[in-house]
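# Summary of structural features
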Amino acid sequence: MDVNLVELGPFASDARNLNKSARTRAKLMDAAVGIFAREGFEAASVNRIAQAADVVNGTFYLHFKDKDEIAGAVAFAIAAQVVRRLDDAMAGIDDAAERVACATRRFVEFALERPDWGLAFFRANWFFPQLRRDVTAYLRADLERGVKQGAFTATINDHVVDIVASMTLVTAFGRLRNEAGPTAGEDTAEMQLRLLGVPPKRAHRIAHAKLPPLKL
């Protein structure tokens, strides 16, 4: 069962036309995603990842030095994909309040689109401080944009950035675990905008505005 799941995984799918070494590396990364999502980074092992990818441990070490290296490769690859998708989703949106609400709602949608990636990203965010800093840099830029535009009255500092980012992550995690309802993304976006100083009626209107269909 693990082998079939790995062969159909996103990394393996992207590497299907590459050489054998690249395909094997991609299979290992897909296997790692599934294990990290279900068991967490600390509980995973090289043996479990190699077994799920249907390779021997020696093959694993041809591609990655250890578990931490593949964890980093997976985490940053997922983060790059998330950032690219969010950039695409927000193309043409200049209003900072709309950008923050769109990013929150789209992130939740992306997590639901690929649950293993969503769960792995959630765990990686706490496991890799540099990953958290890289991703929140984009959020900080939008929050600072909002202050310049006069949309946000909150003082933007590391603590506020972490709070807003954490609200998005916790909401996505809740949706993945079926502990949050279908409007959780919109509700969270509204709370974030209120926290940043957006008037209640405007925050509600922006957070619950209809978004274009998600491009897969």
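Residues numbered from 1 in each chain as written. Predicted model: local features only at pLDDT ≥ 70, side-chain atom pairs only at ≥ 80, totals over all residues. Heavy atoms only, no water.

What follows covers the overall build of the protein chain. When helices and strands are tallied, the protein chain shows twelve helices and zero strands. The N-to-C order of helical and strand elements in the protein chain reads α-α-α-α-α-α-α-α-α-α-α-α. Scaling as 2.2 N^0.38, a compact globule of 216 residues should have a C-alpha radius of gyration of about 17 Å, and the protein chain matches this with 19 Å. Counting only C-alpha atoms, the protein chain reaches 60 × 30 × 30 Å along its principal axes. (Helix = DSSP H or I, 4+ residues; strand = E, 2+ residues; numbered from the N terminus. Rg over C-alpha atoms; globule rule 2.2 N^0.38 Å.)

Along an α-helix, residues three or four apart share an orientation, since each turn contains 3.6 residues. Its 13 residues give helix α8 (residues 115-127) an end-to-end C-alpha distance of 18 Å, which sits within 8% of 18 Å, the value for a rise of 1.5 Å per residue. Among the structural elements, α2 (10-14), α3 (20-39), α6 (67-89), α7 (96-113), α9 (129-149) and α10 (158-176) are those in contact with the buried residues of α8. (Expected span 1.5 Å × (residues − 1). Contact = heavy atoms within 4.5 Å.)

Right, let's talk about unusual backbone geometry for a bit. The phi torsion at Asp-54 lies on the positive side, around 65 degrees, for a residue other than glycine. Positioned with a positive phi, Asn-178 is a non-glycine residue whose angle comes to about 55 degrees. Structurally, Asn-178 can be placed in the loop between α10 and α11 (184-195).

Atom-level detail of predicted coordinates should not be read off regions where pLDDT is low. For the protein chain, the average pLDDT comes to 91, and 95% of its residues sit at 70 or higher. Note that residues 1-7 has pLDDT below 50 and, in this model, eleven contacts with residues that lie over four places away or in other chains. (pLDDT = per-residue confidence, 0-100.)

Next up on the list: the packing of α3 against α6. At a minimum axis separation of 10 Å, α3 and α6 run at an interaxial angle of 85 degrees. Between α3 and α6, the crossing angle belongs to the class labelled roughly perpendicular. Residues Arg-25, Leu-28, Met-29, Ala-32, Val-33 and Phe-36 of α3 touch α6, and the partners they reach there are Ile-70, Ala-71, Ala-73, Val-74, Ala-77 and Ile-78. In terms of residue class, the contact of α3 with α6 is made up of eleven nonpolar, no polar and one charged. (Axes fitted to C-alpha atoms, helices over the stretch in contact; angles between N-to-C directions. Parallel < 35°, antiparallel > 145°, perpendicular 65-115°, else oblique. Nonpolar A, V, L, I, M, F, W, Y, C, P; charged D, E, K, R; others polar.)

To continue, consider the environment of Gln-51. Within the secondary structure, Gln-51 is located in helix α4 (residues 46-52). Note on Gln-51: relative accessible area 52%, which makes it exposed. Put simply, Gln-51 and Leu-28 are 23 residues apart on the chain and 9.3 Å apart in space, counted from C-alpha to C-alpha. (Buried < 20%, exposed > 50% of the residue type's maximum accessible area, 1.4 Å probe, protein only.)

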